[in-house]
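The chain contents come next:
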Amino acid sequence: MKLDDLALSWNAKESLAGKVALVTGASSGIGASIARKLAKRGVHVTVVAHRRERLDELVQELHKEELYEVMAVTADIQNAEEVQHVVNAIINRWGRLDIVVANAGFGYRSTLVDVDLERWEEMYRTNVHGLMLTLRYGLPPMLGQGKGDIIIISSIAGKEVIAGGGPYSATKYGVNALASALRLETLSQGIRVTTIQPGAVATEFSQVAGYSEDEIRAFASNVLPLHPDDVAEVALYALEQPEHVNISELTIMPSRQAQRFK
Ligand SMILES: NC(=O)c1ccc[n+]([C@@H]2O[C@H](COP(=O)([O-])OP(=O)(O)OC[C@H]3O[C@@H](n4cnc5c(N)ncnc54)[C@H](OP(=O)(O)O)[C@@H]3O)[C@@H](O)[C@H]2O)c1
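Residues numbered from 1 in each chain as written. Predicted model: local features only at pLDDT ≥ 70, side-chain atom pairs only at ≥ 80, totals over all residues. Heavy atoms only, no water.

Engineer: Would you mind showing me how to read the sheet that holds strand S4 (residues 99-102) here?
Structural biologist: Taken in spatial order, the seven strands of this open sheet run S3-S2-S1-S4-S5-S6-S7, and their pairing is parallel. Of all strands in the sheet, those bounded by a partner on one side alone are strand S3 (70-74) and strand S7 (249-252). Pairs of neighbouring strands in the sheet enclose a mean axial angle of 15°, with direction left out of account. In terms of strand pairing, strand S6 (residues 191-198) meets S7 through four bridges, oriented parallel. Residue Gln-197 lies in a different strand from S7, and its bridge partner there is Thr-251. The sheet contacts of helix H2 (residues 52-64) involve strand S2 (44-49) and S3, and relative to S3 the element is tilted by about 180°. (Pairing = 2+ DSSP bridges. Helix = DSSP H or I, 4+ residues; strand = E, 2+ residues; numbered from the N terminus. Axes fitted to C-alpha atoms, helices over the stretch in contact; angles between N-to-C directions. Contact = heavy atoms within 4.5 Å.)

What follows is the structure, encoded as structure tokens:
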């Protein structure tokens, strides 16, 4: 078969301008970076998290740069009605949904014997069930359009397990399983699914996960973690691929980090 027979045309980049995106967990870190970069490419972005004041600050910052089409919705992705409300608000405003960035999540460090079951359940309900809800309500508009992009922020913890990292890894292995199933179920319906697996990124993640300031400082000076913008650039790289290209999985690590916590 010759390439000409396939009538393949190669376009350098897919333009994102005018698309409509939902970014969960955009009140800080990686989600806020992705939202900023999308808005700067002319994407109409809806940012979602609990902390209203953080979301409002981000919207104001982007409005100052005359990027007006940014909407903040406070929601807990553990809650089906709240996630459905977010998607409804997007459809009411723009009539479509082109990009879902499923990023909201957190870590919790604990050995299995010491695990705080409430914290574990909270993490599972955010990282896995929250992703399930984001897909359950975010997908139908995309399937109706016959086109859409889903970026799922997983982790190196979805590929490797360390002592004290079992509960968090269990959620990110679960995230990867859902992403793989989604890819298989929607590949013939115009949906591209990209899983990004970052190593250490300098965000609020480590404090939330229960690491002390001293541990964070020692690890950071040793490893030089990624900036959240590094991960956002990778997300944009996947989204800007020509339509026939899907970056299905991408691992991004600090140059000095070969493995989790090494
Ligand atoms: N930083 C790292 O080293 C690293 C490495 C690999 C993967 N990741 C993954 O990257 C993603 C983003 O984390 P980050 O590093 O950017 O940390 P971060 O700065 O703590 O951001 C986490 C975001 O998720 C939101 N969130 C948490 N629970 C939520 C819920 N139930 N409903 C809605 N929003 C919720 C938080 O906002 P509110 O508190 O306002 O709700 C915040 O905006 C996570 O999935 C994390 O597992 C991080």
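Engineer: Where do I start with the site of the ligand in this structure?
Structural biologist: By nearness alone, 29 residues border the ligand, and Ser-27, His-50, Asn-103, Tyr-168 and Thr-203 come closest of all. Within the contact set of the ligand, an oxygen atom lies 2.8 Å away from a backbone nitrogen or oxygen of Ile-30. Between Asn-103 and the ligand, the recorded distance is 2.8 Å, taken from a backbone N or O atom to an oxygen atom. When the ligand sits alone it has 880 Å² of accessible area, and the protein chains cover 93% of it. Only helix H1 (29-40) and helix H5 (166-186) provide two or more residues apiece to the shell around the ligand. (Near = heavy atom within 4 Å. Polar contact = N/O pair within 3.5 Å; in protein donor to acceptor, adjacent residues only side chain to side chain. Areas by Shrake-Rupley, 256 points an atom, 1.4 Å probe, with all protein chains shown as cover.)

Engineer: What is the right way to look at the packing of H1 against H2 in this model?
Structural biologist: Helix-helix packing is characterised by the crossing angle of the two axes and by the distance between the axes. The geometry of H1 relative to H2 is characterised by a closest axis approach of 11 Å and an angle of 25° between their N-to-C directions. As the angle between them shows, H1 and H2 are arranged roughly parallel. Relative to H2, H1 is oriented so that their crossing is right-handed. In contact with Ala-32, Ala-35, Arg-36, Ala-39 and Lys-40 of H1, H2 contributes Leu-58, Glu-61 and Leu-62. Taken together, the residues of the contact of H1 with H2 break down into five nonpolar, no polar and three charged. (Parallel < 35°, antiparallel > 145°, perpendicular 65-115°, else oblique. Left-handed = near helix turned anticlockwise from the far one by under 90°. Nonpolar A, V, L, I, M, F, W, Y, C, P; charged D, E, K, R; others polar.)

Engineer: Explain the packing of helix H4 (residues 117-145) against H5 to me, please; I cannot follow it from the model alone.
Structural biologist: Look at H4 against H5: their axes get within 9 Å of each other, and the N-to-C directions meet at 15°. In terms of orientation, H4 lies roughly parallel with respect to H5. The hand of the H4/H5 crossing is right-handed. Where H4 abuts H5, its residues Trp-120, Met-123, Tyr-124, Asn-127, Val-128, Leu-131, Met-132, Leu-135, Leu-139 and Leu-143 lie against Pro-167, Tyr-168, Ala-170, Thr-171, Lys-172, Val-175, Leu-178, Leu-182 and Thr-186. Here the contact of H4 with H5 is built from residues that sort into 15 nonpolar, three polar and one charged.

Engineer: Would you mind going over a negative patch on the surface with me for this structure?
Structural biologist: A surface patch of like charges, here negative, comprises Asp-116, Glu-118, Glu-121 and Glu-122. Looking at where Glu-118 falls in the secondary structure, it is placed in helix H4. Judged by relative accessible area, Glu-118 falls into the exposed class, the value being 68%. (Patch = residues over 30% accessible without salt bridge, like charges linked within 9 Å, V, L, I, M, F, W, Y side chains within 5 Å. Salt bridge = Lys/Arg side-chain N within 4 Å of Asp/Glu carboxyl O. Lys, Arg positive; Asp, Glu negative; His and termini not counted. Charge placed at Lys NZ, Arg CZ, Asp CG, Glu CD. Buried < 20%, exposed > 50% of the residue type's maximum accessible area, 1.4 Å probe, protein only.)

Engineer: Which parts of the structure should I look at to understand the environment of Ile-191?
Structural biologist: The residue Ile-191 is located in strand S6 in this model. Sequence separation of Ile-191 and Ser-28 is 163 residues, and the distance between their C-alpha atoms is 27 Å. Excluding residues within four positions of it along the chain, Ile-191 makes contact with Leu-139, Met-142, Leu-143, Lys-147, Gly-148, Ile-150 and Thr-186.

Engineer: Please clarify how helix H3 (residues 80-94) should be interpreted in this entry.
Structural biologist: Residues three or four positions apart in an α-helix share a direction because the helix packs 3.6 residues into each turn. Taking 1.5 Å per residue as the helical rise, H3 with its 15 residues ought to reach 21 Å, and the 21 Å between its terminal C-alpha atoms agrees with that figure. What H3 keeps buried is the set Val-83, Val-86, Val-87, Ala-89, Ile-90 and Trp-94. Angularly, the buried residues of H3 cover 155° about the axis, an arc narrow enough to put them on a single face. Facing away from the buried side of H3 by more than 90 degrees, the exposed set consists of Glu-81 and Asn-92. At its buried positions, H3 is contacted by strand S1 (20-24), S2, S3 and H4. (Expected span 1.5 Å × (residues − 1). Arc of directions from axis to C-beta.)

On their own, these measurements won't tell you what the molecule is for.
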